[in-house]
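# What the coordinates show
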Amino acid sequence: MTAFRSLSRAMTLGLLRDRTAVFFTLLFPLLFLALFGALFQSDSLTKSTWVQVGDVAVLDDMPDEELAALSDVLTLVKSADREAALEDVRQGDADAAVWEEDGRIEMRYSAADATTAGTVQGLMQSIVQSANVAATGQPPAFELATDQVEDKSVKPIQYLTPGLLGWAIAQGAAYMSAFTLVNWRKKRILRRLWLAPVSPGTVIGARVGVSLAIAFLQVAIFVGVACIPFYGLHLTGYWWLALPLVATGTLAFMSIGLLIGAWAKTEEAANGALQLVILPMAFVSGSFFPNDAMPSWLRTLSNILPLKHLTQALQDVLSRGQGWGAALPTLGGLLLFAAVLTALASRLFRWDDA
Amino acid sequence: MTDDTAAIAVEGLRKRYGDVQAVDGVTFEVRRGEFYGILGPNGAGKTTTMEMIEGLREPDEGSARLLGQPSWPRDPALLRRIGVQLQASAFFDKLTAREQIHTFAALYGVGTERADAMLESVGLAEKRDVRDNKLSGGQAQRLSIACALVHDPELLFLDEPTTGLDPQARRNLWDLLRQINSAGRTVVLTTHYLDEAETLCDRVAIMDAGRILRVGRPADLVAELGVHNLEDVFLQLTGREYRE
Ligand SMILES: Nc1ncnc2c1ncn2[C@@H]1O[C@H](COP(=O)(O)OP(=O)(O)OP(=O)(O)O)[C@@H](O)[C@H]1O
Ligand SMILES: [Mg+2]
C-alpha cells in the first residue's frame, strides 16, 4: 500500500468508527431531507379557507363545475356570526372572511401572512371578474395571463435538495478537516508523520481526497433519495455541474475547518466552534428555507458566505436548468475563499499542544 | 557514503523553552553500530536533546548530523534510514494495533508481512485486533517500538522504551534490541533503569540540567569513581535532590 492510500484508509476508518460523528455529520442532514421532503410534499397549491357570512351572490350563484374546479384551492365555510368569523381570521384559523353589504362584496384577511393575503385577494378578484363577465355578457377588454417562471415541475424538493445538500457538504467537510487537525495534533500523529519520509503534499492530498470522496457520496445519496418518485426530484440538463461545485465547496468548507482546527485545542472545542459557524451560516444562506424573507442587511451579509453561493449555484444547475454561466463565478469564488482561509490557518498552525 | 562518518555527530546543541534552558550546549558522537545510552534525572533534557537530534525540533544553536547528513531541515531521504520511538506514543484514532503498524509500514513503503512479523516479535500477535485505546500501557509501548522498527532502520532512537513494561516484556525487548544492534544497527536510548543501561549500552552519557556531565563505558565509569555500579555513578554525579 502506498503512503497516500494507507493514510486515506486510516482517516476513513477513524471517521466511520466514530458513530456519533457519522450520525451528526453524514446521516443527520439526510434525515432532514427525508423529513422536510415528506412534510412539504406539494405547497405549490396553497389551499385557503374562507368563512362566508350570510349570502354572497358571486359565491352562491357560481356554477357547480366552477365551484368544483375551485375546490382544490378553496374551502368555504358558512357562518352567521361576522364577529366570530373575523376572530377566526385574526387567530389564523381561517384565511379570509367574506360577506355582502349593499351589493358590495366585503373581504377581510390577515396581513400576518403576506403570501396567503395575496392568494386570497387574487382568487377573489378573479371570482368577481368572472361574475361581472357573466352578468354583463361583455367579454373583458383586457385580459391578464400569468405563469410562473420555473419549470412546471417545481416542487419544494427542487429547493430542499440543493439547500440541504449544501449544508451537508459544509458540515461534513468542515468537521472532518477540523477533527483530523485537532486529533492528530493531540495524539501526536502530526509529529510522528514529520519523522516519517512522507511529504506534506501526500498527507494533505489524502485528507482532501477522502473528503471529496465522501462529498461525492453525499451527492449521490441525496440526489438518489430525492429522485425516488415519493419525493420526485427532476434533474435539469446541467445537473452534473453540481459535482465541480461540490468539489470546490468541499475545499472552501475544509478551509473553515482548518482554521477552526488550527485554533482549537480539543475536539470538543472544535466541534462547538464549528456548530457556531456552520448552523447560522446555513440559516442565513437559505439552506433550510429561502432567505427572501430575511432583513436586507442579513441578505447582504450572506453574500460573503460560501454556503450561500454554493446553495444558489446548486439550485441553478440542479433545478433551474442553468449551466456554466451560473456555476463558473461560484467555482472561482469558492476556490478564492478556500485559498484565503487556508493561508490564514497556516499562520495559526501548531505542530503540537505545547 | 563512507562508513567511517559517525552515526551521530552532535555539536553544541542548545534549546530554550521560555525561561527554562532545557538543553545547554550538548556535544557528543555515537559510532556506527554502537549501543548508546543517555541517562539523567527527570527534566535533565534527554527528550529535548533526542528530539533535536532526530530533526523533530529546531535547535536554538548547534547542529546534529546523522549518518553524515544534517537532520535539520527535514530530509525525507534521511528519515527513511532512522527509526524513532517517542516518549509519548503516537497512534491513529480508532485503529487496531495491526492497522496502526500497517499504516506506519506503508509510510516507509514496507509490506504488511514484515509489519505482522514485527508485531509478533514484540509479543502483540494476539492483540492485533485491539484498538489503541484498549491496549494496556505496556502493550501500547511495545506497539510504539514495533512501529519504530518496522522499516529496519540503520539508526534507532528509543525514548524510555522499557518504561511501563513487565519484566518478561523488558527481557524480551532487550533480546530484540541486542539482536538489532548485533546486526550492525546503531541504537540510542534513554532510560531510568541503570541496570538496563549497564547491560545493554556500550557507552552512556550522563546528563543533568541540560548538560552532559560524563561519557564513558559503564564499567569504566564505575571503576573511575570507585563505586559498585552505574546507579552509584549516577547518584554521585547528579546528587540526591528531587528534580522539579
Ligand atoms: N514543550 C515544552 N515546553 C516548555 N518546556 C518544556 C517543553 N518540553 C520540555 N520542557 C522543559 O524542558 C526541560 C527538559 O525536558 P525534557 O523533556 O527534555 O526532560 P527529560 O530529561 O526527557 O525528562 P524525563 O526523564 O522526565 O523524560 C524540563 O524542565 C521541561 O519542563
Ligand atoms: Mg524524557
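Remember, predicted model here, so these are calculated numbers, not experimental data.

## Some words on the overall build of chain A
- Each helix and strand counted, chain A has 14 helices and 4 strands in total.
- For chain A, whose C-alpha radius of gyration is 27 Å, the value lies well above the compact-globule estimate of 20 Å for 354 residues.
- Across its three principal axes, chain A shows a C-alpha extent of roughly 90 × 40 × 35 Å.
- Sorting the 354 residues of chain A into buried and exposed places 45% on the buried side.
- Within chain A, residue pairs in contact and separated by at least 24 positions form 76% of the contacts whose partners lie at least 6 positions apart.
- Counting every atom, chain A has about 17,900 Å² of accessible surface; 63% of that belongs to carbon and sulfur.
- For chain A, the distance from the average position of its 25 positive side-chain charges to the average position of its 30 negative side-chain charges is 28 Å.

## So, the interface of chain B and chain A
- Listed as interface residues are 30 residues of chain B and, on the opposing side, 27 residues of chain A.
- Summed over both partners, the interface of chain B with chain A buries about 2,800 Å², with 59% contributed by carbon and sulfur atoms.
- Of all residues in chain B, the largest losses of buried area upon contact with chain A belong to R74(B), D93(B) and L107(B), amounting jointly to 23% of the total for that side.
- Applying the counting rule to chain B against chain A returns 4 salt bridges.
- With a shortest N-O distance of 2.7 Å, D132(B) and K187(A) are connected by a salt bridge.
- Counting only elements with at least two residues in the side of chain B that touches chain A, the list comes to α2 (76-79), α3 (97-107) and α5 (137-149) of chain B.

## Overview of the site of ligand 1
- Inspection of the region around ligand 1 gives 15 residues, with G43(B), K46(B), T47(B), T48(B) and H192(B) positioned closest.
- Proximal residues around ligand 1 fall on chains A and B, making this an inter-chain site.
- At a separation of 2.9 Å, an oxygen atom of ligand 1 approaches a polar backbone atom of G45(B).
- Side-chain polar atom of Q87(B) to an oxygen atom of ligand 1: 2.9 Å apart, as the coordinates give it.

## Quick look at the domain arrangement of chain B
Residue and element names in this part refer to chain B.
- The domains assigned to chain B are domain 1 (1-81 + 155-244) and domain 2 (87-152).
- Between domain 1 and domain 2, the residue contacts involve 16 residues of the former and 13 residues of the latter.
- Across the domain 1 to domain 2 interface the summed buried area is about 1,200 Å²; carbon plus sulfur atoms make up 58%.
- If you look at where domain 1 meets domain 2, you find 1 salt bridge.
- Between D152 and R185 there is a salt bridge, with its nearest N and O atoms 3.0 Å apart.
- At the junction of domain 1 and domain 2, the tally comes to 5 residue pairs in polar contact (both at pLDDT 80 or more).
- Mapped by element, the contributors of at least two residues to the side of domain 1 that touches domain 2 are β7 (155-159) and α6 (167-182).
- Residue classes in the side of domain 1 that touches domain 2 are distributed as 8 nonpolar, 4 polar and 4 charged.

## With respect to the coordination of the magnesium ion (ligand 2)
Residue and element names in this part refer to chain B.
- Only T47 (OG1) and Q87 (OE1) from the protein reach the magnesium ion (ligand 2) as donors, at distances of 1.8 to 2.2 Å. Pair noted here: T47 is in helix α1 (residues 46-54) and Q87 is in the loop between β6 (82-85) and α3, with a separation of 40 residues, a long-range link.
- Its relative accessible area of 37% is what places Q87 among the partly exposed residues.

## Things to note about the UniProt feature "transmembrane region" (unreviewed entry) in chain A
Residue and element names in this part refer to chain A.
- Per the UniProt entry, the sites bearing "transmembrane region" (unreviewed entry) are residues 21-40, 164-184, 204-231, 237-260, 272-289 and 326-349 in this numbering.
- The distance separating the terminal C-alpha atoms of residues 164-184 is 30 Å; by composition the span is 100% helix and 0% strand.
- The span residues 237-260 is 79% helix and 0% strand, and its two end C-alpha atoms sit 37 Å from each other.

## A short note on the packing of aromatic side chains
All names here are of chain A.
- In this structure the tally under the stated criterion is 21 aromatic pairs over all chains.
- Where F32 meets W167, the ring centres are 5.1 Å apart and the plane angle is 50 degrees; that geometry is what we call tilted. Residue F32 is located in helix α2 (residues 19-39), and its partner W167 is located in helix α7 (residues 156-186); the two are separated by 135 residues in the primary sequence.
- Assessed through its relative accessible area of 22%, F32 is described here as partly exposed.
- Note on F283 and F289: the rings are 6.0 Å apart at their centroids and 55 degrees apart in plane angle, and the pair reads as tilted.
- By relative accessible area, which is 43% here, F289 ends up partly exposed.
- Among the aromatic side chains, those forming a connected cluster through ring pairs are F23, F24, F28, F32, F36, W167, F283, F288 and F289.

## Let's talk about the sheet that holds β7(B)
Residue and element names in this part refer to chain B.
- Within the open sheet, the 6 strands sit side by side as β6-β7-β8-β3-β9-β10. Their pairing is mixed. Across the chains shown, the open sheet's two edge strands, defined by having one partner strand only, are β6 and β10 (211-216). Ignoring strand direction, the axes of neighbouring strands in this sheet form an average angle of 15 degrees.
- Judged from the 4 bridges that link them, β6 and β7 form a sheet pairing that is parallel. Directly across from G83, in β7, lies its bridge partner L156.
- Across the face of the sheet, helix α9 (residues 230-238) comes into contact with β3 (35-39), β9 (203-208) and β10 while running at roughly 30 degrees to β9.

## Here's the deal with the sheet that holds strand β1 (residues 8-17) of chain B
Residue and element names in this part refer to chain B.
- One open sheet holds the 4 strands; their spatial order is β2-β1-β4-β5, and the pairing between them is antiparallel. Unpaired on one side and paired on the other, β2 (20-30) and β5 (69-70) mark the two borders of the sheet.
- In this sheet, strand β4 (residues 61-66) lies alongside β1 in antiparallel orientation, the contact comprising 5 bridges. Paired with R14 across the bridge in β4 is E61.

## Quick look at the UniProt feature "domain: ABC transporter" (unreviewed entry) in chain B
- In the numbering adopted here, UniProt assigns the feature "domain: ABC transporter" (unreviewed entry) to residues 8-234 of chain B.
- Span residues 8-234 of chain B is 37% helix and 26% strand, its end C-alpha atoms 24 Å apart.

## So, the side chain of T49(B)
Residues and elements named next belong to chain B.
- Note on placement: T49 falls in helix α1.
- On the accessibility criterion, T49 (0% relative accessible area) is buried.
- From its side chain, T49 meets the backbone oxygen of G45 in a polar contact 2.6 Å long.
- Setting aside its immediate chain neighbours within four residues, T49 contacts L13, V23, V26, F28 and M207.

## So, the packing of helix α9 (residues 200-227) of chain A against helix α10 (residues 242-263) of chain A
Residues and elements named next belong to chain A.
- It is at 10 Å that the axes of α9 and α10 come closest, and there the two elements cross at 130 degrees. With respect to α10, the element α9 is oriented oblique. The handedness of the crossing between α9 and α10 comes out as right-handed. Facing R207, V208, S211, L212, A215, F216 and V219 of α9, the residues of α10 in contact are L243, V246, A247, T250, L251 and M254.

Conventions used here
Residues numbered from 1 in each chain as written. Chains lettered and ligands numbered in written order. Predicted model: local features only at pLDDT ≥ 70, side-chain atom pairs only at ≥ 80, totals over all residues. Heavy atoms only, no water. Helix = DSSP H or I, 4+ residues; strand = E, 2+ residues; numbered from the N terminus. Rg over C-alpha atoms; globule rule 2.2 N^0.38 Å. Buried < 20%, exposed > 50% of the residue type's maximum accessible area, 1.4 Å probe, protein only. Contact = heavy atoms within 4.5 Å. Areas by Shrake-Rupley, 256 points an atom, 1.4 Å probe, with all protein chains shown as cover. Lys, Arg positive; Asp, Glu negative; His and termini not counted. Charge placed at Lys NZ, Arg CZ, Asp CG, Glu CD. Buried area = accessible area lost by both parts, 1.4 Å probe. Salt bridge = Lys/Arg side-chain N within 4 Å of Asp/Glu carboxyl O. Near = heavy atom within 4 Å. Polar contact = N/O pair within 3.5 Å; in protein donor to acceptor, adjacent residues only side chain to side chain. Domains from an automatic or database assignment. Nonpolar A, V, L, I, M, F, W, Y, C, P; charged D, E, K, R; others polar. Donors = N, O, S within 2.8 Å, 3.2 Å for Na, K, Ca; no water. UniProt positions renumbered as here; feature names shortened; annotations may be inferred. Phe/Tyr/Trp six-rings, centres within 6.5 Å; stacked < 30°, edge-to-face > 60°. Pairing = 2+ DSSP bridges. Axes fitted to C-alpha atoms, helices over the stretch in contact; angles between N-to-C directions. Parallel < 35°, antiparallel > 145°, perpendicular 65-115°, else oblique. Left-handed = near helix turned anticlockwise from the far one by under 90°.

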